[in-house]
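Observations on the model geometry
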Amino acid sequence: MELTAQDRTGRPVISATGLFTPEHVITNEELVASYNDYVEGHNASNANAIAAGEVEALQPSSVEFIEKASGIKARHVMAKEPILDPDIMSPRWEERGNDELSIMAEIGVKAARQALERAGRDPKDVDAVLCAASNMQRAYPAMAIEIQQELGIEGFGFDMNVACSSATFGIQTAADYIRAGNAKSVLVVSPEITSGHLNWRDRDSHFIFGDVATAVLVEDAAIAPPEHWDILGTKLKTVFSNNIRNNFGFLNRAHPDGDGKPDKLFVQEGRKVFKEVVPMVAQMIIDEAERLEIDPKGLRRLWLHQANAGMNRLISHKVLGHEASNDESPTVLDTYANTSSAGSIIAFHKHSEDLAVGDDGLICSFGAGYSAGTVFVRKVG
Ligand code: COA
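Since the structure is predicted, the reported quantities are computational estimates derived from the model, not experimental observations.

Parameters at a glance
Residues numbered from 1 in each chain as written. Predicted model: local features only at pLDDT ≥ 70, side-chain atom pairs only at ≥ 80, totals over all residues. Heavy atoms only, no water. Core = buried A, V, L, I, M, F, W, Y, C linked by side-chain atoms within 4.5 Å. Buried < 20%, exposed > 50% of the residue type's maximum accessible area, 1.4 Å probe, protein only. Helix = DSSP H or I, 4+ residues; strand = E, 2+ residues; numbered from the N terminus. Contact = heavy atoms within 4.5 Å. Expected span 1.5 Å × (residues − 1). Polar contact = N/O pair within 3.5 Å; in protein donor to acceptor, adjacent residues only side chain to side chain. Pairing = 2+ DSSP bridges. 1 Å grid on protein atoms, 1.4 Å probe; cavity = no way out; pocket = protein on both sides within 12 Å on 5 of 7 lines; lining within 4 Å. Points joined across faces, edges and corners; volume = space filled by probe spheres on them. Nonpolar A, V, L, I, M, F, W, Y, C, P; charged D, E, K, R; others polar. Salt bridge = Lys/Arg side-chain N within 4 Å of Asp/Glu carboxyl O. Axes fitted to C-alpha atoms, helices over the stretch in contact; angles between N-to-C directions. Disulfide = S-S within 2.5 Å.

1. So, the nonpolar core
Within the largest apolar cluster, 48 residues are counted, with the highest numbers of intra-cluster contacts made by V281, I285, L299, I315, F366 and F376. Elements represented by at least two residues in this core include exactly α2 (28–45), α4 (63–70), α5 (80–84), α9 (270–291), β11 (301–304), α10 (309–320), β12 (360–367) and β13 (371–380). Top element by residues in this core is α9. It accounts for 8 residues. Excluding its chain neighbours within four sequence positions, the residues that come into contact with F376 are D230, I231, L232, G233, I285, E288, A289, L292, I294, L299, G361 and L362.

Now the structure itself:
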């Protein structure tokens, strides 16, 4: 039966997505060469202390390990040279004045403009902007409000941070505004400049992250373009864990290099994360599918969080009941690395156009907190 516009009011859909990819790429080879230069320099200048057993010698990183352990081959970054400079090993750019668009807002706006264009949506008809990302570049004013201003959107905006699950938590928040009748069009923008919170001098994690920005336009089905994705259901979950943590904040302003403690940057117990998060997320997907009366084995595609190829292999196997092909569970991790909350949205953005009307799929995130979010969608057109 055809739905009338009134029937469709209050039903959230994804009208379009947008993606901004930074032009600079760091390959594993470049990354490891720079890291190993740093190791060599560190070990040479601490040779006596190392020989006396007072300082531990650093071990070199390896391209083979990175690819085998994670599936990552390269990453995009906002600033390549300073990251690869063994004396800096961190992104750097000119500090911008308060009257200039800030860097996070700039890339968020680029992704948002693409989503708006793809949906044929005039910014004046958008009601709210949520900036949902792992890190905000400042405390306030909210990044979302700056993005809202730059796009010429009326209404309201605010920032939200649920680490790698920020985008799916943002989608559910936007969907709830639509379900409640508080908004008809909400932009969920995820500018992830993860290079700023990665410790590029930490062998265990220096290869993990990349920079990117995504945008998801969540709208009321009544105003959505003819081609869109019905949101069949959303589910969020959090369970406290210290296994992924970053202690940076305005209550502890010591420079990460200055006090010798690396805890003001990303730290994790990668093995534990792997072991604990895989079963939690797989079960969450299966339970939510059951609640929505969807056969998980019949899902046409899984757009999973992009942290580790092995994790995604295990989760998709548990959900689909067989080893997933790249068509069933596409990877963007190889070229983007882990882009925090943006990962599953990049996968959706790049690998959803070929699905047929009526196909069901799942956008799923997981990460620090722990946090996990599922968004089941069906193609309409
Ligand atoms: N180069 C070479 N060897 C390395 C290395 C590097 N860059 N980093 C670690 N190693 C070594 C370790 O020292 C260790 O050696 P040992 O066995 O002699 O002690 C060995 O490789 C295995 O290290 P481990 O840390 O146990 O690797 P892993 O197989 O667990 O892979 C991750 C590491 C981080 C890729 C993996 O655990 C992971 O992806 N976990 C989930 C992360 C995640 O989802 N995080 C969420 C972030 S939002």
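2. Some remarks on α10
Here α10 is 12 residues long and its end C-alpha atoms lie 16 Å apart, about the 16 Å a rise of 1.5 Å per residue gives. Check the buried side of α10 and you find it contacts α9, β11 and β12. At the N-terminal boundary of α10, the capping side chain belongs to N308, with an oxygen 2.7 Å from the backbone nitrogen of G310. Note on α10: the residue one or two positions beyond its end, G321, has a positive phi of about 85°.

3. Here's the deal with the pairing of β11
The side-chain alternation of β11 yields two buried faces, one formed by R301 and W303 and the other by L302 and L304. In the sheet, β11 pairs with β12 via 4 bridges, with the strands oriented parallel. Residue pairing across strands places W303 opposite I363, the latter belonging to β12.

4. Notes on the layout of surface pockets
Of the pockets and cavities examined, the second largest pocket occupies roughly 280 Å³. If you trace the second largest pocket, you find 15 residues lining it, with S15, A16, R118, E227 and W229 closest to the centre. Of all the secondary structure elements, the ones that give two or more residues to the lining of the second largest pocket are β1 (12–20), β8 (228–238), α12 (343–350) and β13. The element best represented in the lining of the second largest pocket is β1, accounting for 4 residues. Across the lining of the second largest pocket, the residue classes break down as 6 nonpolar, 5 polar and 4 charged.

5. Focus on the pattern of salt bridges
Tallied over the full model, the rule gives 15 salt bridges. With its nearest N and O atoms 2.8 Å apart, the salt bridge here joins D263 to K264. Relative accessible area serves as the criterion here: at 6%, K264 is assigned to the buried category. As a salt-bridge pair, R301 and D327 come within 2.7 Å of each other at their nearest N and O atoms.

6. Regarding the sheet that holds β1
The mixed open sheet is built from 9 strands, whose spatial order is β5-β4-β6-β7-β1-β8-β13-β12-β11. Every other strand in the sheet has two partners, leaving β5 (156–160) and β11 as the edge strands with one partner each. Ignoring which end each strand starts from, the neighbouring axes of this sheet average 25° apart. For β1 and β8, the ladder comprises 2 bridges, and the chain directions are antiparallel.

7. Observations concerning the state of the cysteines
For the coordinates displayed, the defined rule picks out 0 disulfides. For the unlinked cysteine C131, the closest cysteine sulfur is that of C164, found at 15 Å. Given a relative accessible area of 9%, C164 falls into the buried group.

8. Topic: unusual backbone geometry
Along the chain, Y140 connects to P141 via a cis peptide bond; the corresponding omega equals 0°. Relative to the helices and strands, P141 is located in the loop between β4 (128–132) and α7 (143–151). Across the junction of G369 and Y370, the peptide omega takes the value -10°, indicating a cis bond. By the secondary structure assignment, Y370 is in the loop between β12 and β13. The backbone of M89 sits at a positive phi, close to 50°, despite the residue not being glycine. Assignment of secondary structure puts M89 in the loop between α5 and α6 (103–119). Under the relative-accessibility criterion, M89 is labelled buried at 5%. For E293, which is not glycine, the phi dihedral falls at a positive 60°. Counting through the fold element by element, E293 comes out in the loop between α9 and β11. Taking the relative accessible area as the measure of exposure, E293 reaches 75% and is therefore exposed.

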